[in-house]
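Commentary on secondary and tertiary structure
Each chain, letter by letter, is given below.
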Amino acid sequence: MRNVWSLYSDKVMEHFKNPRNVGEIENPDGVGHVGNPVCGDIMELYIKVNNGTIADAKFKTFGCGAAIATSSMVTEMVKGKSIGEALEISNRAVAEALDGLPSIKMHCSVLAEEALKSAIDDYLTKNRRGKNNVSL
Amino acid sequence: MKRIYLDYAATTPTHPEVVKAMLPYFTGSFGNPSSLYSCGQEAKGAIQEVRVRVAELIGARDEEIVFTSGGTEADNFALKGVAYANEKKGDHIITSSIEHHAVIETCKFLERRRFSVTYLPVDEYGLVDPDDVRRAITNKTILISVMHANNEMGTIEPIAEIGRIAKGAGIYFHTDAVQTAGHIPVDVNELEVDLLSISAHKLYGPKGVGALYIRKGTKLIPFMHGGEQERRRRASTENVPGIVGFGRAVELAQQEMSEEAERLTYLRDQLIKGLLERIDHIRLNGHPQKRLPNNVNVSVDYVEGESMVLNLDLEGICASTGSACSSSSLEASHVLLAIGLSHEQAHGSLRFTLGKWTSEEDIGRVLEVLPQIVAKLRAMSPLLKSHR
């Protein structure tokens, strides 16, 4: 449900107030670092992968309410998914899971998608160098 | 939860006395001031009384006051009005890099139409150097516009000094006094300005009304063409209830200004001191002394402004930020970047502007709540780690 008198949906505010999966993972299998200080949003996303499945995800974000909520939501969505499934998570899916974002804040969901893709890229690169054997 | 409003620079609540003064002009004395019968003439008389009062507030003559729809219109009117009326004389305008968008965007508009504009830099406190103004003047300069006090960080500019330079060079000088009129003394002769913008809703008046002071003899083209209102300089049936409310607000400001400025300065300094004591890696933006009595602007390292504002809102506290995560440009405040802040610091800015209904308890509440909010946001900040 969207409160018409507030900038954000109740769900965004709920994730903003109580963000899930805040922090870093020690010895992560993949790290994504996206955004820049000029636009005011910086996201770091950490993943732990077990047998091709994302077992854990955590984030650290400098940014607005939408940036924090999308970070929180994308880490929730990705847990338990295979790498292939995780790569299919789009920014729209993240925004929809939060009951929508104001149009001027859609770039935050793009950043969340990019952070996730960048973490998976990092994981795949490391593994290619290592085991040469990654199942998608 | 009690709401603590600390965004008086954005807008002020309309004073109940102001609302009371306006009401008769909606239904009783509703006539058109241009009409000859008595209920039109009542409205006309009421407008004239306010004109005299606004003139008195700034040391002007009543015929030098033109009512507008607010500060933005007054700024547009001053800049475009002078530029187009004096284009044969020259095409150069001087302004500062920290003006309100109403001035900056108007300058950019004029730049696209064969005028050239110099945007003067400011120092780390946001002060314009009058010598920079002197050096920027060319034989093509027709107008200088520098704001009286900055709306974001509260720095009060050396307007009288710039005014003397402008007068000596025979160049029109405009100042945006939207943040100062009714709050600190403003006198058009002491400041040596030819044009000055005021907005009613920043001084407990209604929204949608303001004024432009135009010194007698200033050449400028009308803002709107149509009827003969405002000596043909600004056609349109007058916003009578709004103007009446503006007048009552000015009257109250005149009575309370010096006492209120002193009270707010005390609360402002309490808040600044408390924030600097309780939060590390924080800096005050703007000049520590040459600043508006009600303005507190800080940058909190490693955290972003909107997330602080939202958290404060959850505690019932209304404040604002120079982070523009919600603007389409995503650029941080041009004002904070102009004083040399990094993008992170500009995005981590927070502005509290105090007013008539701000109490010492309100300040205490902010000092209690904000350190916790900052700690929570810093715990999730990727910036903190790299600075450790």
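It should be noted that the structure appears before, not after, this text.
A few points on the structure. (Residues numbered from 1 in each chain as written. Chains lettered and ligands numbered in written order. Predicted model: local features only at pLDDT ≥ 70, side-chain atom pairs only at ≥ 80, totals over all residues. Heavy atoms only, no water.)

What follows concerns the overall build of chain B. For chain B, the helix and strand inventory stands at 13 helices and twelve strands. Computed over C-alpha atoms, the radius of gyration of chain B comes to 22 Å, within 12% of the 21 Å expected from 2.2 N^0.38 for 388 residues, which places it in the range of a compact globule. Along the first, second and third principal axes, the C-alpha set of chain B runs to 70 × 50 × 35 Å. For chain B, with 388 residues in total, the buried portion stands at 60%. Long-range pairs, those at least 24 residues apart, make up 72% of the contacts in chain B between residues at least 6 apart in sequence. Across chain B, the 43 positively charged side chains and the 50 negatively charged ones have centroids separated by 4 Å. (Helix = DSSP H or I, 4+ residues; strand = E, 2+ residues; numbered from the N terminus. Rg over C-alpha atoms; globule rule 2.2 N^0.38 Å. Buried < 20%, exposed > 50% of the residue type's maximum accessible area, 1.4 Å probe, protein only. Contact = heavy atoms within 4.5 Å. Lys, Arg positive; Asp, Glu negative; His and termini not counted. Charge placed at Lys NZ, Arg CZ, Asp CG, Glu CD.)

A cluster of acidic residues, Asp123, Glu124, Asp129 and Glu161 of chain B, forms a negative patch at the surface. Within the secondary structure, Glu124 of chain B sits in the loop between strand E4 (116-120) and helix H6 (130-136). (Patch = residues over 30% accessible without salt bridge, like charges linked within 9 Å, V, L, I, M, F, W, Y side chains within 5 Å. Areas by Shrake-Rupley, 256 points an atom, 1.4 Å probe, with all protein chains shown as cover. Salt bridge = Lys/Arg side-chain N within 4 Å of Asp/Glu carboxyl O.)

Owing to its 3.6 residues per turn, the α-helix aligns residues three or four sequence positions apart on the same side. Residues and elements named next belong to chain B. Between its first and last C-alpha, helix H4 (residues 71-85) extends 21 Å over 15 residues, near the 21 Å set by a 1.5 Å rise per residue. In terms of burial, H4 is largely enclosed, as twelve of its 15 residues are buried. Buried within H4 we find Gly71, Glu73, Ala74, Asp75, Asn76, Phe77, Ala78, Leu79, Gly81, Val82, Ala83 and Ala85. (Expected span 1.5 Å × (residues − 1).)

Each partner contributes residues to the interface: chain A has 28 residues there, and chain B has 24 residues. Counting the contacts that link chain A with chain B gives one salt bridge. There are ten residue pairs in polar contact (both at pLDDT 80 or more) connecting chain A and chain B. Among the secondary structure elements, those contributing two or more residues to the side of chain A that touches chain B are helix H1 (10-17), strand E2 (41-50), strand E3 (53-62) and helix H2 (65-78) of chain A. Split into classes, the residues belonging to the side of chain A that touches chain B amount to 17 nonpolar, five polar and six charged. (Polar contact = N/O pair within 3.5 Å; in protein donor to acceptor, adjacent residues only side chain to side chain. Nonpolar A, V, L, I, M, F, W, Y, C, P; charged D, E, K, R; others polar.)

Next up on the list: the nonpolar core. Ranked by size, the top nonpolar core spans 69 residues in total, and within it Ile47 of chain A together with Leu271, Leu275, Met308, Leu312, Phe352 and Leu370 of chain B carry the most contacts. Broken down by element, this core gets its largest block of residues, nine residues, from helix H5 (residues 106-129) of chain A. Excluding residues that lie within four positions of it along the chain, Ile47 of chain A makes contacts with Ile25, Pro28, Asp29, Gly30, Ile54, Asp56, Ala57, Ala119, Ile120 and Tyr123 of chain A. If you look at the next biggest cluster of nonpolar residues, it comprises 57 residues, including Ile144, Met153, Ile159 and Ala211 of chain B. (Core = buried A, V, L, I, M, F, W, Y, C linked by side-chain atoms within 4.5 Å.)

As a further point, take the state of the cysteines. In this structure the tally under the stated criterion is zero disulfides over all chains. As a non-bridged cysteine, Cys108 of chain A has Cys64 of chain A as the owner of its nearest cysteine sulfur, 3.7 Å distant. (Disulfide = S-S within 2.5 Å.)

Either a parallel or an antiparallel arrangement is found when strands of a sheet pair, and the pairing is made through backbone hydrogen bonds. Residue and element names in this part refer to chain A. Strands sit in the order E1-E2-E3 across an open sheet of three strands; the sheet is antiparallel. Two strands bound the open sheet, and with one partner strand each, they are strand E1 (30-36) and E3. Taken over all neighbouring pairs, the strand axes of this sheet differ in orientation by 15° on average, direction set aside. Bridging between E1 and E2 involves seven bridges; their strand directions are antiparallel. Residue Asn36 lies in a different strand from E2, and its bridge partner there is Asp41. Of the strands in this sheet, E1, E2 and E3 touch H5, which is tilted by about 145° from E1. (Pairing = 2+ DSSP bridges. Axes fitted to C-alpha atoms, helices over the stretch in contact; angles between N-to-C directions.)

Another point: the environment of Arg3 of chain B. Residue and element names in this part refer to chain B. Along the chain, the position of Arg3 falls in the segment before strand E1 (4-5). Separated by 87 residues in the primary sequence, Arg3 and Gly90 have C-alpha atoms spaced 51 Å apart. Contacts of Arg3, omitting those with residues within four sequence positions, involve Gly316 and Cys318.

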